[in-house]
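Below, each chain spelled out in residue letters.
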Amino acid sequence: VGPTGMALAADIQGEMLSAVRSRALEHGLTNVRIVKTNDREIPIPPGTCDFVLLAFMLHEIEHRASFLHRAARTLKPGGKLVAIEWDKVEGPIGPPQEERIAPEELLADALAAG
């Protein structure tokens, strides 16, 4: 985000946010804001983000399309949302296969989210 940008680190788990806070302090980063969220509310004003990264968390959300819609609302016009998830194949790391999301499922959720 550069020296004048702001990074928002949002998570449901307080321990994950504590880890981000510690790492930001360790590296002298003063432009990281911590945001506690949940699967029903994203307390970030609409139209404020240039980029939203949802990394390996959508498989934990019950109503993915609704969550994706709320996440997309935080974007500025022309902003980008990127979702990274575990593919629905067995692997040595990550959640069990039955909790993973197939690419076509994620695409269907994104289309339903608008």
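None of these values were measured; they are calculated from a predicted model.

A.B. asks: Before we move on, could you go through helix H2 (residues 64-73) and cite the residues and values that matter?
C.D. replies: Among all positions of H2, only Arg64, Phe67, Leu68 and Ala71 are buried. Angularly, the buried residues of H2 cover 100° about the axis, an arc narrow enough to put them on a single face. Structurally, H2 contributes buried residues whose contacts are with strand E3 (49-55), strand E4 (75-84) and helix H3 (103-113).

A.B. asks: Would you mind going over the layout of surface pockets in detail, with residue names and values included?
C.D. replies: Considering only enclosed or pocket space, the largest pocket measures out at about 1100 Å³ in volume. Along its surface, the largest pocket is lined by 33 residues, and Leu8, Ala9, Ala10, Leu53 and Leu54 are the ones closest to its centre. Those elements that place two or more of their residues in the lining of the largest pocket are strand E1 (7-11), helix H1 (14-26), E3 and H2. For the lining of the largest pocket, the element with the highest residue contribution is E3, accounting for seven residues. For the lining of the largest pocket, a count of residues per class yields 23 nonpolar, six polar and four charged.

A.B. asks: Requested: an account of the confidence of the model for the protein, with residues and values cited.
C.D. replies: Scored by pLDDT, the protein comes out at a mean of 93, with 100% of its residues at no less than 70. No element of the protein has a lower mean pLDDT than E1, at 94, and none a higher one than E4, at 96.

A.B. asks: A description of the pairing of E3 should follow, citing residues and the corresponding values.
C.D. replies: Strand direction decides the pairing type here: E3 and E4, joined by six bridges, are parallel. Bridged to Leu54 within E4 is Ala83. Tracing the backbone out of E3, into H2 and back to the parallel element E4 gives a crossover that is right-handed.

Reading guide: rules and limits
- Residues numbered from 1 in each chain as written.
- Predicted model: local features only at pLDDT ≥ 70, side-chain atom pairs only at ≥ 80, totals over all residues.
- Heavy atoms only, no water.
- Buried < 20%, exposed > 50% of the residue type's maximum accessible area, 1.4 Å probe, protein only.
- Helix = DSSP H or I, 4+ residues; strand = E, 2+ residues; numbered from the N terminus.
- Arc of directions from axis to C-beta.
- Contact = heavy atoms within 4.5 Å.
- 1 Å grid on protein atoms, 1.4 Å probe; cavity = no way out; pocket = protein on both sides within 12 Å on 5 of 7 lines; lining within 4 Å.
- Points joined across faces, edges and corners; volume = space filled by probe spheres on them.
- Nonpolar A, V, L, I, M, F, W, Y, C, P; charged D, E, K, R; others polar.
- pLDDT = per-residue confidence, 0-100.
- Pairing = 2+ DSSP bridges.
- Right-handed = clockwise from strand over helix to strand, strands pointing away.

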